[in-house]
Amino acid sequence: MSTTDSQGEGWPELVRATKTIVVVDVVESVRLMQANEADVIDRWRRFVHEVRSQVLPAHQGRMVKSLGDGMLLEFDEVLCAVKATFELQRRLPLINQGKSASQALLLRIGAHVGAVSIDRDDVYGSGVNLAARFAASAEPGTFVVSAEIRDALVHELDARVEDIGEKYFKHLDAPRQCFALSSSANDAAMPAFEPPPDTRSVILVLPFTTLTPGSHGALFGDLIADEITRALSRCAAWRVISQLSAAALRGRRVDLQGLRTMFDARYVISGKCFMRGSTVLISLELTDVHTGSLMWADSMEIEQTQILSDANPVGNKVAQDVARVLFANAVEQSRGLGLDAVDSHVLLFSAIALMHHSTAQDFQRSHACLEKLLYRHPRSPDVLAWQAKWHVMSLVQAWTTAPDIEVRLAHQRTQSALRLYPSHPLALSIDGLVAALIDKDLERAEQRYTEALAANSSEPLAWLFMSALYAYRDQGAAAVDAARQAIKLSPLDPMRYFFETFSAHAMLSANQLAESVSTAELSLRLNRRHMPTYRTLAIAQLLQGDVDAAKLSVQGLLAIDPRYSVDAFERNYPGRGTAFANRCAQALRQAGLPQR
């Protein structure tokens, strides 16, 4: 029976029925459209026509709607829906024939079976939303379904089924079990997809041009370029081309497009040297290869003896300036444009920078960037690891109303990263942090940090988190040494306050109270919203005998987390029970932190 609206016009009849809903989504459709809109539209229209005219009639399906980058399909039977989906996957390579990997249309597909409301124009209900969530969680080229779909299939006969674990979906309180389906009848016909590219951008430091004749000038130019390359390589947020590779460009003129083609470079640092007596004059530029725009320029003077010394300041200064420009530019782009329009490497820069800003709004913006990155690159261990760190920081900063969910997601993200790449240093480091801060399992944390350093002895976060582990165990000297190593290797910006906080904690454990206070104060100048820094500062000030200053620091701590107490410290501190932890608890109590 039909219904009528307020003007008496008939509405389509709405019925309730159990249906299998399939949602098909094109991966990175915005990027593909920007690259070649006409070609993408042509291929997608041909594919939709095949689905509508050939695939769906053969499997008793209905196309509810076709969007510019997706489809909503409806089936009476689960098996028909699954077979039709496998047929979509088999047909797609023909649509992509002759296209490069970066131009190929890839699909994420999700499905759920349940009661929905249907009329002739559309399908409504939570079952449709669930199918869309399963599609969004799928990796490019894969088909993810609910437990209800899996229960209606016979493994190996109808499909190959892989349990890929529980996933939390937005606005759903409980996780949903997810299963990946692949064809059991004709696996050879299934398309193979390469893992997503590294989301980090590439920086190339060109050989410096020497404006002074003679070999002396060339030597100083090479030393400066080497030092800049070495300093930049300490930041894990980008990849830096080695000077051995860059040296091949010495004396050659290569345009920006050539640098992009040869090195996949996104940013180029170029410079000139001029000798004036014992002084070297240096001019530098940072250029965006994609746009050709000049992002930063500077000049400096330095004595020749400084360039030849171990304390050469050029590399660190340039790296700090470049990092500041790149991170600030990424944040500006992510705020000024829709996230769909922002390049992956810019999103990563922005996520890392915003995660370590001092406001809850920026912190949530960081999460949005990471979610968009994970949607584009679900197999990226870097993205998964940074997401895990975000969830840990949400707990530590007391910015969450659902700590249990943050704990589960932190575990889920690191485990997903390590299933993909078991020896990934960043993922191992973050997993160790999760083990220490959340699980209070210091043995597993130490194992993870050791594995991370075995994979890459220059992984700064492994050294940083190891310093905290030593402090938890009341091994102050070792904690300070590890923190110093982390600072030496650390990203230059925007996480410096984070490194200083760990260093202050290490100094506190070694009873270096004055150094701990000054380092914690430096950290707070960079970020005044980091609660653990106030805690370390208050303890160090109290132990120094400066009770009034300690009480002010406790007030700063409680302004961030009014619920924090001595009991909470004693319950949650990973090094609880040690003499150091007991000293810290007593100091907090004397500085005015409530017991409960």
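Fair warning: this is a prediction, and the values are worked out from it, not measured in the lab. (Residues numbered from 1 in each chain as written. Predicted model: local features only at pLDDT ≥ 70, side-chain atom pairs only at ≥ 80, totals over all residues. Heavy atoms only, no water.)

### A closer look at helix α11 (residues 360–376)
Link 1 in the chain: Its 17 residues place the ends of α11 25 Å apart at the C-alpha level, agreeing with the 24 Å of an ideal helix rising 1.5 Å per residue.
Link 2 in the chain: Along α11, the residues that are buried comprise Asp362, Phe363, Ser366, Cys369, Leu370, Lys372, Leu373, Leu374 and Arg376.
Link 3 in the chain: Those residues of α11 hidden inside the fold are in contact with β6 (107–118), α9 (314–336), α10 (344–355), α12 (381–396) and α13 (403–420). (Helix = DSSP H or I, 4+ residues; strand = E, 2+ residues; numbered from the N terminus. Expected span 1.5 Å × (residues − 1). Buried < 20%, exposed > 50% of the residue type's maximum accessible area, 1.4 Å probe, protein only. Contact = heavy atoms within 4.5 Å.)

### Remarks on helix α17 (residues 476–489)
Link 1 in the chain: Counted at 1.5 Å a residue, the expected span for α17 with its 14 residues is 20 Å, and the 20 Å between its end C-alpha atoms agrees.
Link 2 in the chain: Residues Gly476, Ala479, Val480, Ala482, Ala483, Ala486 and Leu489 constitute the buried set of α17.
Link 3 in the chain: Those residues of α17 that are buried lie in contact with α16 (460–472) and α18 (496–509).

### Looking at the environment of Lys440
Link 1 in the chain: Here Lys440 is to be found in the loop between α14 (425–437) and α15 (442–455).
Link 2 in the chain: Along the backbone, Lys440 and Gly575 are 135 residues apart, and their C-alpha atoms lie at a distance of 8.0 Å.
Link 3 in the chain: If we ignore the near neighbours within four places in the chain, the residues touching Lys440 are Ala435, Arg571, Asn572, Tyr573, Pro574 and Arg576.
Link 4 in the chain: Here Leu437 takes part through its backbone oxygen, which lies 2.6 Å from a polar atom of the side chain of Lys440. (Polar contact = N/O pair within 3.5 Å; in protein donor to acceptor, adjacent residues only side chain to side chain.)

### Digging into the packing of α10 against α11
Angle between the axes and distance between the axes: these two values describe a pair of packed helices.
Link 1 in the chain: Orientation of α10 relative to α11, taken along the N-to-C sense of each, is 150 degrees, at an axis distance of 8 Å. Classified by the interaxial angle, the pair formed by α10 and α11 is roughly antiparallel. The chirality of how α10 crosses α11 is left-handed. Counted together, Ser344, Leu347, Leu348, Ser350, Ala351, Leu354 and Met355 of α10 and Asp362, Phe363, Arg365, Ser366, Cys369, Leu370, Lys372, Leu373 and Arg376 of α11 form the full contact between these two elements.
Link 2 in the chain: Grouping the constituent residues of the contact of α10 with α11 by class yields nine nonpolar, three polar and four charged. (Axes fitted to C-alpha atoms, helices over the stretch in contact; angles between N-to-C directions. Parallel < 35°, antiparallel > 145°, perpendicular 65-115°, else oblique. Left-handed = near helix turned anticlockwise from the far one by under 90°. Nonpolar A, V, L, I, M, F, W, Y, C, P; charged D, E, K, R; others polar.)

### Some thoughts on the nonpolar core
Link 1 in the chain: Within the largest apolar cluster, 120 residues are counted, with the highest numbers of intra-cluster contacts made by Ile228 and Trp238.
Link 2 in the chain: Element by element, the count of residues in this core is highest for α9, at ten residues.
Link 3 in the chain: Dropping the residues within four chain positions of it, Trp238 is found in contact with Arg200, Ser201, Ile203, Leu232, Ala323, Leu326, Phe327 and Phe349.
Link 4 in the chain: Core analysis: the next-biggest nonpolar cluster, separate from the first, contains 37 residues, Val22, Val51, Val55 and Ala111 among them. (Core = buried A, V, L, I, M, F, W, Y, C linked by side-chain atoms within 4.5 Å.)

### A look at the pattern of salt bridges
Link 1 in the chain: A complete count under the given rule lists 31 salt bridges for this structure.
Link 2 in the chain: Where Arg91 meets Glu50, a salt bridge forms, and the shortest distance between an N and an O atom there is 3.1 Å. Here Arg91 is found in helix α2 (residues 78–95), whereas its partner Glu50 is found in helix α1 (residues 29–58), with 41 residues between them in sequence.
Link 3 in the chain: Note that Arg239 is salt-bridged to Asp264, the shortest N-O span being 3.9 Å. Remark: Asp264 occurs in the loop between α7 (256–263) and β14 (267–276) and Arg239 occurs in strand β13 (residues 238–240); sequence separation between them is 25 residues.
Link 4 in the chain: Salt bridges here are not isolated pairs; linked through shared partners, they connect Asp431, Asp439, Asp441, Arg444, Arg448 and Glu451. (Salt bridge = Lys/Arg side-chain N within 4 Å of Asp/Glu carboxyl O.)

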